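Geometric and topological summary
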Amino acid sequence: MRRSSLIVLASFASAIHTFAQNDMPTFKVEAKSALVWDADVPESGRSIVWDPLTGNEIHKLSSAGIEVSSRVGYERVSSSEAGELLNYTTTIANNTDSDISVQYGGASADGRAATSLWLARTSKRIKKGDRKNVWELGWMHCFKTGFASSDNFFSADAPSKIFTVRAQTAMTISYVSKDPRRYSIRCSLDGCHVTGTVRYYITVNNKDYVFVWPGRSVVYCGN
C-alpha cells in the first residue's frame, strides 16, 4: 500500500494547482500518508457499491472508523461552449467518537491539473466585476439532478476552508473543475463517455483519500 500511495501522490506533487482567478494563491500537494482507491492496485479497506436508485458506482475507502465514499460525474460546460465540467462528490462518514476535519485536496485528468471553480448558490451578493468568474450551483446539471449535494462544497474563492464532521455523523461535500483536456469525450453507438483517467483526493485528519476513476465509470449528469 505504501508504494502505491506514494506513486499516486507523486503525480499530484509534480503539478502546481492554480485557480482561475489571478489573485488566488497556488499550492502544492506534499506527500503524506494516504489511502488509494485504484482498480489496478490492491488496497485493503477498499470497496465498491452501487447506488440502489441509479445503479451508479460508488467507491469507498475505510480506515480507523472513517469511511470516505466517492462519486464523479460530468456535464458539458454549455450548449454554446466546448468543454466538460467534472463534479467530485464525497461523503465522509465519521464512525469515531471524535470530530474530524476535511480539507480540499486536488484533481487531475490524465496527469493534467484540474483547477477548482468558484462556486456559489447565487452570484447576487458577489461584486459585479467578479460575477463572470462565478459558477452558480443551480445552473449545473449535476446539482440540479441530485447527483451532487449543494449543502456543502469547496470553492476556489476559499481554498483553505475546513469542514468539521462531528462524531457519529456524516457529511457530503462537492467540488467542480473544468476538464483540462481539449478532447475528453468519446462517443459511439453505445453512447458517450469520458476518456482516460480522472484522479482526485481530499484530506481527512491529515490523511489523503485518493480516488482513481476510469473515464468510463464517470457518470453523465446531463446537459
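In this structure the tally under the stated criterion is 2 disulfides. A sulfur-sulfur distance of 2.1 Å marks the disulfide that ties Cys 142 to Cys 221. Across the S-S bond of Cys 142 and Cys 221 the torsion is about 90°, and the bridge reads as right-handed. Taken together, the positions of Cys 142 in helix H2 (residues 141-144) and Cys 221 in the segment after strand E18 (219-220) put the pair 79 residues apart, joining distant regions of the chain. Side by side, Cys 142 and Cys 221 carry an identical accessibility label, which is buried. A sulfur-sulfur distance of 1.9 Å marks the disulfide that ties Cys 187 to Cys 192. Every disulfide takes its handedness from the sign of the S-S torsion; for Cys 187 and Cys 192 that torsion is 105°, giving right-handed. With a relative accessible area of 48%, Cys 187 lands in the partly exposed category.

Now for the packing of aromatic side chains. Throughout the structure, instances matching the rule amount to 9 aromatic pairs. Measuring from ring centre to ring centre gives 6.0 Å for Tyr 104 and Phe 154, while their planes differ by 65°; the resulting arrangement is edge-to-face. Taken together, the residues Tyr 104 in strand E8 (residues 100-109) and Phe 154 in the loop between H2 and strand E12 (162-165) connect sequence positions 50 residues apart. As far as the burial class goes, Tyr 104 and Phe 154 line up, both buried. Over the face of the ring belonging to Trp 37 we find Arg 46, whose NZ or CZ atom lies 5.0 Å from the ring centre. Looking at Arg 71, its charged tip hangs above the ring of Phe 147, at a distance of 4.8 Å from the centre.

What counts, and at which threshold
- Residues numbered from 1 in each chain as written.
- Predicted model: local features only at pLDDT ≥ 70, side-chain atom pairs only at ≥ 80, totals over all residues.
- Heavy atoms only, no water.
- Disulfide = S-S within 2.5 Å.
- Helix = DSSP H or I, 4+ residues; strand = E, 2+ residues; numbered from the N terminus.
- Buried < 20%, exposed > 50% of the residue type's maximum accessible area, 1.4 Å probe, protein only.
- Phe/Tyr/Trp six-rings, centres within 6.5 Å; stacked < 30°, edge-to-face > 60°.
- Lys NZ or Arg CZ within 6 Å of the ring centre and 35° of its normal.

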